[in-house]
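# Remarks on the overall topology
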Amino acid sequence: MPPVEKIELSSAHTGRRTVAAICLLVLGVAALAYALTGWLAGRSGWQAVEASATGDASCAQEFILYYDLGAGEMSAAAEKKALARLYSDAAVNAYRLFSADEAFQGVNNLWYLNRHPNETVALDPALYDALATATASGDRSLYLGPVYEQYGGIFHCDDDSQTADFDPLQNESLRSYYAQCAAFARDGEAIELELMEDSRVRLKVSEAYMAFAQEQEIETFVDFFWMKNAFIADYLADVLTDGGFTRGALSSYDGFIRDLSGEGTFGLNIYDNSQGLSVQAAAMEYSGPISIVYLRDYPANSMDEGHYYTMADGQVRTAFVDAVDGLARSAASDLVGYSRTLSCAQTLLALRPVYVAEALDEGALEALPAAGVEYVRCQDRQVLYSDPALKLYGLYDGEDGAYTARCTEQ
């Protein structure tokens, strides 16, 4: 496979450089920075595979699927057709299963589960497995449904005059409400998912919490919110693999990547957002199979409007809500985590308590490799990484300074 294209940004025109860097982030994160020269020239080889148009709501528009067509027993054309059909059906099913705000006839999805508290509900195995993965991690953010339901409105505001109805940093009563919801979310006696055999689940909600929910007109107790595409990436990857399609790579616009192939070498741009300027500090080289999670506290493309809102003064409100008090926070501008043994969701759940915090806990960060997750981040013009085998290239070097790289393994 041809080498990944290396793009250098000049130190002049910082405004233009910022725009260029953000555009490159879209390519680097959402499209895995695939610089595959000539992939449009033939019908075989690595190509983007689009979902077939079905007329049904789908999550396919939030993902990019690349596949090495024609390398197996099927012709490239036949393989692309079969793959597109399987991918399309899976993307429609994923949209329905993971929806917490929309009902579908005959589908026991998150919406259905939330509206049947304290009842035993049979779920699709894919949704059951996602809930089991989330609960097994011990992370309680899954139960912040009431906060997500209200706070998510800020990302659809047209200007700052509308944000006070959703932003706890401007609204003290809302801040108190979010704190109450977070207290319930942290309490295993107040709310808990009971996982049973045959993909059956009971969403147990205490009498006190039910009374509070009725008073506050709460309908959503459980939701993946901004983490949803990590679980969907795993689901789509499993469907493709089970269908015999293993020479591909999936990436979502919001930084969740599953590379199924053990062939080829790819690149991912690493950014450092300092004082409002996003700089391509370096790029990391990798090959699959691998799960990658790229977390950032700023928007990088038009689709990010569902998870970010930029105030008139430049402050950014993110979707990274903390179960401690229901407030959104992030400990760094950019943090990349990857694993060769864990799924995308498992990688995210390991990173989440490190990233969704007031400050970066160095001890918790350095403990990640022992849990199967390597990391890459920037600090003080350094690209810090935990994996001695990681290859970095394209370190930024401009008139305003240069970046160096350092492995943090002792």
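Check the entry above for the structure.
Residues numbered from 1 in each chain as written. Predicted model: local features only at pLDDT ≥ 70, side-chain atom pairs only at ≥ 80, totals over all residues. Heavy atoms only, no water.

### Examining the sheet that holds strand β1 (residues 45–48)
The nine strands lie next to each other as β1-β2-β6-β7-β10-β13-β14-β15-β19, forming an open sheet whose pairing is mixed. The sheet terminates laterally at β1 and β19 (404–407), the two strands that pair on one side only. Pairs of neighbouring strands in the sheet enclose a mean axial angle of 15°, with direction left out of account. As judged from the six bridges shared by strand β10 (residues 290–296) and strand β13 (residues 334–339), these two strands associate in the antiparallel manner. Among the inter-strand pairings, Leu295 is bridged to a residue of β13, identified as Leu335. Its contacts with the sheet put helix α2 (residues 76–97) on β1, β2 (63–69) and β6 (248–252), and the angle it makes with β2 is roughly 150°. (Pairing = 2+ DSSP bridges. Helix = DSSP H or I, 4+ residues; strand = E, 2+ residues; numbered from the N terminus. Axes fitted to C-alpha atoms, helices over the stretch in contact; angles between N-to-C directions. Contact = heavy atoms within 4.5 Å.)

### Focus: the nonpolar core
Within the largest apolar cluster, 101 residues are counted, with the highest numbers of intra-cluster contacts made by Leu131, Phe221, Phe224, Trp226 and Phe231. Within the second largest apolar cluster, 25 residues are counted, among which are Ala282, Ile292, Cys378 and Tyr385. (Core = buried A, V, L, I, M, F, W, Y, C linked by side-chain atoms within 4.5 Å. Buried < 20%, exposed > 50% of the residue type's maximum accessible area, 1.4 Å probe, protein only.)

### Topic: the pairing of strand β7 (residues 256–259)
Along β7, one buried face is formed by Phe256 and Arg258 and the opposite face, lined by Ile257 and Asp259, is buried too. Count of turn residues in the β6/β7 antiparallel hairpin: three residues, of which Gly255 carries a positive phi of about 95°. In this structure, β7 lies alongside β10, joined through four bridges in antiparallel fashion. Along β10, the bridge assignment pairs Ile257 with Ile292.

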